[in-house]
Structures are given as structure tokens and as C-alpha cells.
Amino acid sequence: MWRKWTPPGPGSSHERMRRAPDVSGLVCGTCGLRLPAGSPRLQCACGGLLEAQPSSSLRGRRLRAAFDRRLAGDPAGQGSGVWRFRELLLPGRGALVSHPEGNTNLYRRDAVSRWAGVADLALKHEGENPTGSFKDRGMTVAVTQAVRAGATALACASTGNTSASLAAYAAQAGVPALVFIPRAKVAPGKLAQALCYGAHVLEVRADFDECLRLVREASSELGLTLLNSVNPWRIEGQKTIVLEMLQQRGWEPPDWIMVPAGNLGNTAAFGKALVEARERGLISRLPRIAAIQAAGAAPFYHSFRAGFRRRFRVRAETVATAIRIGDPVSYERAARAIRQTRGVVAAVSDREILAAKAVIDGAGIGCEPASAASLAGLRQLVRRGIVGRRDSVVAVLTGHLLKDPHVTRAKPVPIAPRLAEVERILKGIR
Ligand SMILES: *Cc1c(COP(=O)(O)O)cnc(C)c1O
Ligand SMILES: [Zn+2]
């Protein structure tokens, strides 16, 4: 089923590789270096990011039919909402490190649509993945590849969810994991997961951006396998958020996709998924991507405003810790995703994020603060006239409510164990 990767002949250009989609492997987005798909190397010596090229040559109706058939049962993909799309992910055969993951719901709630100002809104809840965030989708692919390539230790820097996810998949694979987290900046639910799943948690006196620099250095110098979204296989797995959403909509794309944006791996993955889906004839038109940043951590937004002519770095601060990132590593490829989809980048204040979270929580769905940036951004873009009130929109909720349990608006009401007290409270409610 899989085509074997063959080294391209002399004189073959990056461009030619793009036009020959059944040549699979990794290519450096900066210098054009090519590596076989099974390579243990995950970073290019030039500092550029490696990108996976698609493997199978299936396309159009046949590819769609293969994906749709698996909804009724898919032993080879273990029922995973990631591995269902395996022709577009990782070439090669072998055991999968899968929980399984994906298969997340699309929710429609009138109160949420009304608040945002659009009639046709669905929330894709990636908090329903096994460790409570979309990171599991990238992790199953990247850890599967790492194990196949003979990794002896896995590592990542994390604002929390990547470490929780890596810890779980490393435990399943039986490979040790080191996670680097910024001290006192990781939400308690996420830290608990990393510790309970048995990762070695290194609390660094630094912010996320410095943690990432340290772990990238450690992986090239000390032989750790890097599981941040610098790892191209993470991006491949995260493409399935979009692929699964399109499948849930009968391959009818929405007008817009809203995504919270921090290190920009997801923004890049969404763009790659959409462009490949169109090239493969899965869809005929591209939705527009809206990447939403927190105003206190919005370097990508500033670049967008400058027409992507300048790259910004900031010292990040926001209540949305999962997107508290000042120097996003996937900047270049995310900028490409925005350009290719005629997308936009917006920034929302912590106050707007918390207001959106209250609406999502109040509808009985719930999410962590960073996730609510997508809804806050939608409301802002509707008010600015950029998203039309009759446009169809999918907003991605990236993480589960319990990740950040201390971010609550309401507080418990203390009472004495007396019926009269209950009665007094009840009067206030009715
Ligand atoms: C990782 C994460 C993000 C940010 O995704 P990037 O790919 O870094 O832009 C947003 N929300 C949650 C809950 C996350 O865990
Ligand atoms: Zn390179």
C-alpha cells in the first residue's frame, strides 16, 4: 500500500517534488534538504523546519471512500480519528502507539452562536482527546515514528498540554520522557498528568521560549528525540483535526475555521491539511483560517498587521497559558497557511477570552482559557465585519475545562447545614 521513498535524482528541485506527491519523505522548508520518511533526524542543520511530503497517491472519490468506509470499523487504524486518515500521514508499516485518539464532537449551541453573532457555528472539541487536548493527535504519529526510528528517550518543552500528551504516549510506548516546563506557569491539571504518567518533569527557571531553545539544543547534542511541533510528524497528526471536521460535514468545507494560536504548529497544520485536501480532490474550495492570539502574546498578529514583512518577538503574558508564547517556532509555515487560505490573524484581550469561556462553559460544553480565544476572536471578527453573519464557521476548542481548574468566575457559596440557609439561597436564584 505504501510507496517506498526513493532518493530524488540529481537536478530535481523542491518544486518537482511538490508536483510528484507519491514521493514521500521529509524536506527542509528553508534549504530544500531531503531525508527519507523513516529518518531519525527531525531538525535540519540549517535551522529550518522539516516538512513531510504525502505518501500514498490515492486521491479524489477513492480516497474519500476509504476514509468514510473506516467509520464503520477500522481494525488497522485501531478506531483512531487520526489513523483513519493514514494515507495522508506517516508512510511505512508497523505497530501504532495509539490510545486511540480523535473522534471528537462538533457541537452546535444557540446561545453560543447568538453571542458570537453568526447563525451557523459549530465547536469542534479537541478537549475530548485522551489526555484532554489536540496534542494527542500529533503525538500518536510522532511517537509512533520515534519508536520505529529507534528512539531511546523522548523530550519536549511545554506550556503544559504537550508534556501531558507526551508523558502518556511515552508511557504507552515504554520509552522514558523528559519534559521541560517554565516554572510556575503550567496549569495544575496538566502538571498532574505529566507527573502521574511518569515523565521526568524539569521545571526550568525560564519562559516557554527559552525552554524550547534548551530542549532543541539538548536533542541535537544529547540524542533526545524532540516531540515539539518542530517535529514534522506532530504537524502531520494535527492535520486530522481539519480532515475529521471536513468528514463530519460530508466534505463540505465551512467558510471559516477559528483556531487559537500560540507556537503556530496548529495554524501550520490546518493550512497544510486544507491545501493537501484540495490537491487530492477531497474538497474543491479552501475555508479561510482565522488564527487567534492573546493580546499579551501576539507576535504573529503584529506580523500579520505588517503584511508579514517583519517577524516579531515579545515577552508573553496572558491568562491563556497554553498560548503564552512570545517567539512562535512555526512562524514561517503559519504565515504561509494564512496567505494560502486568504486567512486573518486577530488578537483578543484576556477579558474577551474569559467572557467567551463563560459562554462556552455556560452552554454546558466547557474548555480551558486558551481554547476560548477562538470564540472571542470570532465575535470580534464579526463585529469588525470581517466574518459575515451568514458565513459558516467552525471554531476549534483546543483543550478541556479541567486543565485549568482554578480559572473560574464563580465561587462556592459557604452555608451552615440548615434548611433555612438553602431556602434563602433558592429565593435568590428563582
Ligand atoms: C498547544 C495549545 C494551543 C496552541 O497551539 P499551537 O499549535 O502552539 O499554536 C492552544 N490551545 C491549547 C489548549 C493548547 O494545548
Ligand atoms: Zn535546511
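Rules used in this analysis
- Residue positions are given per chain, counted from 1 along the sequence in the order it is written.
- To label them, take the chains in the order written and letter them from A, then take the ligands in the order written and number them from 1.
- pLDDT decides what is reported in this predicted model: residues at 70 or higher carry local features, side-chain atom pairs at 80 or more are listed and counted, and totals for whole chains, interfaces and linings draw on all residues regardless.
- As a rule here, side-chain values cover all heavy atoms of the structure and leave hydrogens and water aside.
- Secondary structure elements are taken from DSSP: a helix is a run of H or I of four residues or more, a strand is a run of E of two residues or more, and numbering for both begins at the N terminus.
- Only heavy atoms enter the contact rule, under which two residues are in contact if any of them lie within 4.5 Å.
- Criterion for a salt bridge: a side-chain nitrogen of Lys or Arg within 4 Å of a carboxyl oxygen of Asp or Glu.
- Residues are classed as near a molecule or strand on a simple rule: at least one heavy atom within 4 Å of it.
- Polar contact criterion, stated in full: a pair of N or O atoms within 3.5 Å, where within protein one must be able to donate a hydrogen and the other to accept it, and residues adjacent in sequence count only if both atoms are side-chain atoms.
- Surface accessibility in these figures is a Shrake-Rupley result with a 1.4 Å probe; residues are shielded only by whichever protein chains are displayed.
- Each metal's donors are the N, O and S atoms within 2.8 Å of it, or within 3.2 Å when it is Na, K or Ca, and because water is not part of the set, sites may look incomplete.
- Sites are called tetrahedral only when four donors show all angles between 85 and 135 degrees, square planar or octahedral only when four or six donors show opposite pairs over 155 degrees and all other angles between 65 and 115, and irregular in any remaining case.
- Throughout this description, buried means an accessible area under 20% of the type-specific maximum (1.4 Å probe, protein chains only), exposed means over 50%, and partly exposed covers the range between.
- Strands are treated as partners if at least two bridges between them are detected by DSSP.
- Domain limits in this description derive from either an automatic procedure or a database domain assignment.
- By buried area we mean the combined loss of accessible area, with a 1.4 Å probe, across both parts when two parts are placed together.

Notes on the side chain of Arg-70
Working step 1: Following the sequence through the fold, Arg-70 ends up in the loop between helix H2 (60-69) and strand E4 (106-107).
Working step 2: In this structure Arg-70 touches Trp-83, Arg-84, Phe-85, Arg-86 and Glu-87, once residues within four positions along its chain are discounted.

What to know about the pattern of salt bridges
Working step 1: Taken as a whole and assessed by the stated rule, the structure comprises 22 salt bridges.
Working step 2: The closest approach of N and O atoms between Lys-239 and Glu-276, which form a salt bridge, is 2.6 Å. Here Glu-276 lies in helix H9 (residues 265-279) and Lys-239 lies in helix H8 (residues 232-248), a separation of 37 residues in the sequence.
Working step 3: For the salt bridge of Glu-317 with Arg-324, the shortest nitrogen-to-oxygen distance reads 2.8 Å.

Quick look at the site of ligand 1
Working step 1: Ligand 1 sits among 15 residues. The nearest are Lys-135, Asn-161, Gly-262, Asn-266 and Thr-398.
Working step 2: Contact between ligand 1 and Asn-161: an oxygen atom at 2.7 Å from a side-chain N or O atom of the residue.
Working step 3: For ligand 1, the accessible surface in isolation is 380 Å², of which the surrounding protein chains cover 96%.

Here we look at the coordination of the zinc ion (ligand 2)
Working step 1: Taken together, the protein ligands of the zinc ion (ligand 2) are Cys-28 (SG), Cys-31 (SG), Cys-44 (SG) and Cys-46 (SG), with distances of 2.3 Å.
Working step 2: Around the zinc ion (ligand 2) sit four donor atoms; with metal-centred angles ranging over 105 to 115°, the donor geometry is tetrahedral.
Working step 3: All donors of the zinc ion (ligand 2) come from a single chain, and their spacing in sequence reads C-x2-C-x12-C-x1-C. With Cys-28 in strand E1 (residues 25-28) and Cys-46 in the loop between strand E2 (34-35) and strand E3 (50-53), this pair connects stretches of sequence that are 18 residues apart.
Working step 4: On the accessibility criterion, Cys-28 (0% relative accessible area) is buried.
Working step 5: Of the residues examined, Cys-46 reaches a relative accessible area of 41% and is grouped as partly exposed.

Quick notes on the sheet that holds strand E8 (residues 200-204)
Working step 1: In spatial order, the strands read E8-E7-E6-E9; together these four strands make up an open sheet with parallel pairing. Two strands lie at the open edges of the sheet, namely E8 and strand E9 (225-226), each paired on one side alone.
Working step 2: In this structure, strand E6 (residues 154-157) lies alongside E9, joined through two bridges in parallel fashion. Bridge pairing links Ala-155 to Leu-226 in E9.

Structural notes on the side chain of Lys-272
Working step 1: Here Lys-272 shows up in helix H9.
Working step 2: A distance of 2.8 Å separates a polar side-chain atom of Lys-272 from the backbone oxygen of Ala-52.
Working step 3: In this structure, Lys-272 is in contact with Glu-51, Ala-52, Ile-235, Glu-236 and Lys-239, ignoring residues within four places of it in sequence.

Examining the domain arrangement of the protein chain
Interfaces are frequently sized by the accessible area removed from exposure as the parts join.
Working step 1: As far as domains go, the protein chain holds domain 1 (1-53) and domain 2 (106-132 + 232-403).
Working step 2: The straight-line distance from the C-alpha centre of domain 1 to that of domain 2 is 28 Å.
Working step 3: Counting from both sides, the interface comprises nine residues of domain 1 and, opposite them, nine residues of domain 2.
Working step 4: Between domain 1 and domain 2, the buried area comes to about 850 Å², and carbon and sulfur atoms account for 58% of it.
Working step 5: Per-residue buried area on domain 1 facing domain 2 is highest for Leu-49, Glu-51 and Ala-52; these three make up 53% of the total on that side.
Working step 6: The interface formed by domain 1 and domain 2 holds one salt bridge in total.

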